[in-house]
Amino acid sequence: MKVLRIGAPGSERPAILTDEGRLLDLSTLTTDIDSTFLASGGLQRARTAARAGKLADLPLGDVRIGAPVTRPGKIVCIGLNYRDHAQETGAPIPTRPVVFLKDPTTVVGPRDTVSIPRGSTKTDWEVELAVVMGKRARYLDSPDEAAEAIAGYTISNDVSEREFQLEYSGQWDLGKSCETFNPLGPWLVTPDEVGDPQSLALRLSVNGVPRQHGNTENMIFDVPYIVWYLSQYMVLEPGDVINTGTPAGVALGLPDTPYLRPGDIVELEIAGLGTQRQVLEQA
């Protein structure tokens with residue numbers, strides 16, 4: 001099942017996208033795709049209502065798609081989680097997950113404009129598989145327990161300003177938390193439809209030039225391990241988002257470091273999870 005939120009920023013409406021391409025209105029079941037909805041079995045209720053034909057159709061016009069979940073309580077990110085990405089940046093291969101947090105206010109829709117921060121010269125891209133939590137995860141006993149806590153998967157562009165991230169501070173937060181720096185979506189796809197999260201192709205291009213082409217099978221730490229690991233150090237709540245890392249091909253690792261400029265167009269895709277497209281503008 002694919003769940004999404006459509007409409008103007010701040011006024012999104014919850015919906016289901018069917019295999020036939022119909023949009024079904026979820027607003028009779030919930031006002032939003034949020035922590036309360038996810039924690040209370042909302043996805044299963046939505047599936048049941050859709051199968052029973054109890055949801056009205058919505059028009060398929062040129063409507064904005066928002067992030068598939070409302071603003072998360074937290075965005076937890078895993079850095080350097082692909083060997084080729086660690087190597088291209090000159091970093092050692094991690095022996096434990098590299099963890100950092102990203103400001104939840106960075107979340108925007110998958111086709112919304114992304115702002116290059118004032119003073120930025122090194123704004124970069126990162127296509128990533130994002131995990132959305134559906135249940136509370138606290139001190140999980142093993143990675144095997146992770147699957148029951150996951151609501152689904154979506155696409156994240158972990159936009160980063162490398163000078164802010166690597167040169168201005170000993171931590172990464174300054175370069176990761178600028179406004180609009182986490183386009184999310186277009187859909188939240190439930191695990192039964194995704195299948196194996198460790199066999200998904202990821203691609204990203206800038207102005208039509210292919211830059212990233214990887215596969216989640218090459219993660220150093222897989223999704224179940226990441227969820228288990230994080231649960232040992234923080235409580236993961238329904239609606240929280242985990243960005244699981246990016247493969248090689250970011251501007252930081254390219255010979256000519258072609259960082260993003262106003263007017264550039266970034267296009268992302270993950271197999272089975274849809275596509276994103278962002279135009280860059282100056283903040």
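Placed above this text is the structure.
A. Representation of helix α2 (residues 42-51) in the model. Residues of α2 that are buried include every one of G42, L43, A46, R47 and A49, and no others. Buried residues of α2, viewed axially, fall in a sector of 165°; they line one side. Looking at the buried positions of α2, the neighbouring elements they touch are β1 (2-6), β2 (13-17), α1 (35-39), β11 (150-157) and α6 (191-194). Directly beyond the C-terminal end of α2, a positive phi value near 70° is found at G53.

B. Structural view of the sheet that holds strand β16 (residues 209-215). In space, the five strands of this open sheet follow the order β8-β19-β18-β15-β16, with mixed pairing throughout. Bordering the open sheet on either side are β8 (114-116) and β16, each of which pairs with just one other strand. The mean inter-strand angle of the sheet, taken between neighbouring strand axes irrespective of direction, is 20°.

C. Fine view of unusual backbone geometry. With an omega of 20°, the peptide bond between G185 and P186 qualifies as cis. Considering the arrangement of structural elements, one finds P186 in the loop between β13 (182-183) and β14 (188-189). Phi at L80 takes a positive value of approximately 55°, unusual for a residue other than glycine. Among the secondary structure elements, L80 is positioned in the loop between β5 (75-79) and α3 (83-88). Relative accessible area serves as the criterion here: at 14%, L80 is assigned to the buried category. Unlike most non-glycine residues, N207 shows phi in positive territory, near 55°. Considering the arrangement of structural elements, one finds N207 in the loop between β15 (201-206) and β16.

D. Main features of the nonpolar core. With 54 residues, the main nonpolar core has V227, I242 and L273 as its most contacted residues. When residues in this core are grouped by element, the largest group, five residues, is from helix α7 (residues 223-231). By size, the runner-up hydrophobic cluster in this structure holds 24 residues, among which are L26, I33, F100 and A151.

E. The packing of aromatic side chains, seen in detail. For the structure on display, the rule yields six aromatic pairs. Ring geometry for Y225 against W228: centres 5.2 Å apart, planes inclined by 55°, an arrangement best described as tilted. Here the residue Y225 and the residue W228 both occupy positions in helix α7, the gap between them amounting to three residues, near one helical turn. An aromatic cluster is defined as three or more aromatic residues linked by ring pairs; in this entry it consists of F221, Y225, W228, Y229 and Y233. One cation-aromatic arrangement involves K2 over W187; the distance from NZ or CZ to the ring centre is 5.4 Å.

F. Focus on the pattern of salt bridges. Across all of its chains, the model carries 16 salt bridges by this definition. Its salt-bridge partner being E12, residue R64 comes within 2.9 Å of it at the nearest N-O pair. Placement of R64 in the loop between β4 (57-58) and β5 and of E12 in the loop between β1 and β2 is noted, with a sequence separation of 52 residues between them. Overall, E12 belongs to the buried group, its relative accessible area being 14%. Between R162 and D124 there is a salt bridge, and its shortest N-O distance comes to 2.9 Å. Of this pair, R162 sits in helix α4 (residues 162-166) while D124 is found in strand β9 (residues 123-124), placing the two residues 38 residues apart along the sequence.

G. Here's a closer look at a negative patch on the surface. Taken together, the side chains of D141, D144, E145 and E148 make up a negatively charged region of the molecular surface. Assignment of secondary structure puts D144 in the loop between β10 (127-133) and β11.

H. Expanded view of the pairing of strand β18 (residues 265-270). By the alternation rule, side chains of β18 split into V266, L268 and I270, which are all buried, and I265, E267 and E269, of which none is buried. Note: β15 against β18, five bridges, orientation antiparallel. Paired with R203 across the two strands is E269, which belongs to β18. Two elements, β18 and strand β19 (residues 274-282), share six bridges in a ladder whose sense is antiparallel. Looking across to β19, one finds that V266 is bridged to Q278.

Conventions and cut-offs
- Residues numbered from 1 in each chain as written.
- Predicted model: local features only at pLDDT ≥ 70, side-chain atom pairs only at ≥ 80, totals over all residues.
- Heavy atoms only, no water.
- Buried < 20%, exposed > 50% of the residue type's maximum accessible area, 1.4 Å probe, protein only.
- Helix = DSSP H or I, 4+ residues; strand = E, 2+ residues; numbered from the N terminus.
- Arc of directions from axis to C-beta.
- Contact = heavy atoms within 4.5 Å.
- Pairing = 2+ DSSP bridges.
- Axes fitted to C-alpha atoms, helices over the stretch in contact; angles between N-to-C directions.
- Core = buried A, V, L, I, M, F, W, Y, C linked by side-chain atoms within 4.5 Å.
- Phe/Tyr/Trp six-rings, centres within 6.5 Å; stacked < 30°, edge-to-face > 60°.
- Lys NZ or Arg CZ within 6 Å of the ring centre and 35° of its normal.
- Salt bridge = Lys/Arg side-chain N within 4 Å of Asp/Glu carboxyl O.
- Patch = residues over 30% accessible without salt bridge, like charges linked within 9 Å, V, L, I, M, F, W, Y side chains within 5 Å.
- Areas by Shrake-Rupley, 256 points an atom, 1.4 Å probe, with all protein chains shown as cover.
- Lys, Arg positive; Asp, Glu negative; His and termini not counted.
- Charge placed at Lys NZ, Arg CZ, Asp CG, Glu CD.

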